[in-house]
Amino acid sequence: QVQLIESGGGLVQAGGSLRLSCAASGRTSAGYSMGWFRQAPGKEREFVAGINWSGSSTRYSDSVKGRFTISRDSTKNTVFLQMDSLKPEDTALYSCAATRPYSANYYYWGQGTQVTVSS
């Protein structure tokens, strides 16, 4: 079992920045990808950004491309989401997710951290 713990959420004004972190622990092993998703009240959960095991490949939703940056540290067990130029529509519960090794589907999920952007 893999546990994911997010941190770094909070309240920020439009145009500001936040950096989210997600630490993986437990039965971690090589080869798993990680990603960030978000869910705003009354809306479905949506993909935000993803990164592969080595960190050499990243993907972003069109709504955050150019403003958000996903990365992972040298241990591969912590992933970050740098969020710049935040907009009120970025307000949501942000959750971290991880795949099983060499799988494309996200299997493990964190509890989430709230990001609120005021106008």
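Higher on the page you've got the structure.
Treat the numbers as computed from the prediction; the structure is a model and nothing was measured.

Caption draft 1: Structural detail: the sheet that holds strand β3 (residues 18-26). Taken together, the four strands give an open sheet; going across it, the order is β1-β3-β8-β7, and neighbouring strands pair in antiparallel fashion. Both edges of this open sheet fall to β1 (2-7) and β7 (68-72), since each of them pairs with a single strand only. Each adjacent strand pair in this sheet contributes to an overall mean axis angle of 15 degrees, direction not counted. By the bridge criterion, five bridges tie β7 to strand β8 (residues 78-83) in an arrangement that is antiparallel. Within β8, the residue paired with S71 across the bridge is F80.

Caption draft 2: Just the state of the cysteines, in detail. Counting across every chain of the model gives one disulfide. Disulfide partner of C22: C96, at an S-S distance of 2.1 Å. On the S-S bond that ties C22 to C96, the torsion sits near -80 degrees, and the link is left-handed. One end of the pair, C22, is in strand β3; the other, C96, is in strand β9 (residues 92-99), with 74 residues separating them in the sequence. Across the pair, exposure class does not vary: C22 and C96 are buried alike.

Caption draft 3: View of the nonpolar core. Among the nonpolar cores identified, the biggest contains 28 residues, and L4, M34, W36, L81, M83 and Y94 are the most heavily contacted of them. For this core, the secondary structure elements donating two or more residues are β1, β3, β4 (34-39), β5 (46-51), β7, β8, β9 and β11 (113-118). Apart from the residues within four sequence positions on either side, M83 is in contact with G16, S17, L18, L20, R67, F68, Y94 and V115.

Cut-offs and rules
Residues numbered from 1 in each chain as written. Predicted model: local features only at pLDDT ≥ 70, side-chain atom pairs only at ≥ 80, totals over all residues. Heavy atoms only, no water. Pairing = 2+ DSSP bridges. Helix = DSSP H or I, 4+ residues; strand = E, 2+ residues; numbered from the N terminus. Axes fitted to C-alpha atoms, helices over the stretch in contact; angles between N-to-C directions. Disulfide = S-S within 2.5 Å. Buried < 20%, exposed > 50% of the residue type's maximum accessible area, 1.4 Å probe, protein only. Core = buried A, V, L, I, M, F, W, Y, C linked by side-chain atoms within 4.5 Å. Contact = heavy atoms within 4.5 Å.

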